[in-house]
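Structure assessment
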Amino acid sequence: MTSVSAPVVPVVPETPTPQPAAATPYQRLGGEQGVRALVDHFYDLMELEPRYADLRAMHPTHSAETRDKLFWFLSGWLGGPDLYSPRFGHPRLRMRHFPYAIGTKERDDWMACMVQTLDEVEMDADLRRQLHEAFAGTADWMRNKAEQGNMPAGNVVHA
Ligand code: HEM
């Protein structure tokens, strides 16, 4: 008579296999190459698309260093190596944007350019949603221009 008893190899191993740590957004984007591609696409759009002309005009230099700085910052911000702080110290991103008057229009222009970038760079839908949310929050925090009652008084730099 053939037996239908328990299998010889236990289905649940006694020692659980170590699970790999959850991938960071940096890794899911494809590491250094992926982050570079995102930054390049963002600035290519800003330079080429007529609808971002105002945003482009705010940027004084548009040098390779502008791209490098965003890349170095995003590398750490997305969970990869921190390449920004060793070069420039703490990011203090909001403070570094004080020279530029950023209100809702500037925030929305920046976000439109980033949303187009996220749509056009290959990544999974879940990561795209996550990055969209994170960028939107950070871009909103960057506002420093007084506008009809929607800025806390202490945050205003440009009246
Ligand atoms: C809200 C709308 C924003 C506007 C209008 C804006 C505009 C600018 C401008 C004009 C510069 C100077 C570029 C240069 O010197 O060539 C700059 C620098 C920079 N921006 Fe933004 N930005 C915005 C949001 C953001 C956000 C959301 C991030 C990050 C998630 C970011 C990251 C950076 C970084 C890392 C630099 C370089 C800072 C430095 O070391 O000088 N910006 N931005």
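The structure under discussion appears in the preceding block.
What counts and what doesn't
Residues numbered from 1 in each chain as written. Predicted model: local features only at pLDDT ≥ 70, side-chain atom pairs only at ≥ 80, totals over all residues. Core = buried A, V, L, I, M, F, W, Y, C linked by C-beta atoms within 7 Å. Buried ≥ 20, exposed ≤ 12 C-beta atoms within 10 Å, placed from the backbone. Helix = DSSP H or I, 4+ residues; strand = E, 2+ residues; numbered from the N terminus. Contact = placed C-beta atoms within 7 Å. Near = placed C-beta within 6 Å. Nonpolar A, V, L, I, M, F, W, Y, C, P; charged D, E, K, R; others polar. Axes fitted to C-alpha atoms, helices over the stretch in contact; angles between N-to-C directions. Parallel < 35°, antiparallel > 145°, perpendicular 65-115°, else oblique. Left-handed = near helix turned anticlockwise from the far one by under 90°. Expected span 1.5 Å × (residues − 1).

**Some points on the nonpolar core**
In globular proteins that are soluble, nonpolar side chains generally tend to be buried together. Counting 16 residues, the largest nonpolar core has Val35, Leu38, Val39, Phe42, Phe71, Leu74 and Cys113 as its most contacted members. The leading source of residues in this core is helix α2 (residues 31-48), at 6 residues. Excluding its chain neighbours within four sequence positions, the residues that come into contact with phenylalanine 71 are Val35, Arg36 and Val39.

**As for unusual backbone geometry**
Glycine aside, the phi torsion of most residues is negative, and most peptide linkages are trans. Non-glycine residue arginine 92 carries a positive phi angle of around 35°. Within the secondary structure, arginine 92 sits in the loop between α5 (85-88) and α6 (93-96).

**Some words on the site of the ligand**
Close to the ligand lie 21 residues; Thr66, Lys69, Phe73, Trp110 and Ala139 are nearest. For the shell around the ligand, the elements supplying multiple residues, two or more each, are α4 (64-77), α6, α7 (104-120) and α8 (125-141). Looking at the shell around the ligand element by element, the count peaks at 4 residues for α4. Here the residues of the shell around the ligand sort into 12 nonpolar, 5 polar and 4 charged.

**Here's the deal with the packing of α2 against α4**
Where α2 contacts α4, the two axes come as close as 9 Å, and the packing angle between them is 140°. On the basis of the axis angle, α2 is oblique to α4. Between α2 and α4 lies a crossing of right-handed hand. Between α2, through Val35, Arg36, Val39, Asp40 and Tyr43, and α4, the contact on the second element is made entirely by Thr66, Arg67, Leu70, Phe71, Leu74 and Ser75. Residue composition of the contact of α2 with α4, grouped by class: 6 nonpolar, 2 polar and 3 charged.

**Comments concerning the environment of alanine 23**
Looking at where alanine 23 falls in the secondary structure, it is placed in the segment before α1 (25-28). Look at alanine 23 and you get exposed, because 11 C-beta atoms sit within 10 Å. Here the alpha-carbon distance between alanine 23 and glycine 79, two residues 56 residues apart in the chain, equals 9.1 Å.

**Re α2**
With 18 residues, α2 extends 26 Å from end C-alpha to end C-alpha; this agrees with the ideal 26 Å at 1.5 Å per step. Buried residues along α2 sit in contact with α1, α3 (53-58), α4 and α7.

**Some thoughts on the packing of α7 against α8**
At their nearest, the axes of α7 and α8 sit 10 Å apart, and the two run at 165° to each other. Taken together, α7 and α8 sit at an angle that is classed as roughly antiparallel. Judged by the sense of rotation from one axis to the other, the crossing of α7 with α8 is right-handed. Mapping the contact onto sequence places Arg107, Trp110, Met111, Met114, Val115 and Leu118 in α7 and Arg128, Leu131, His132, Phe135, Ala136, Ala139 and Asp140 in α8. For the contact of α7 with α8, the residue count by class is 9 nonpolar, 1 polar and 3 charged.

In short, the description is geometric, and any link to function would need to be established separately.
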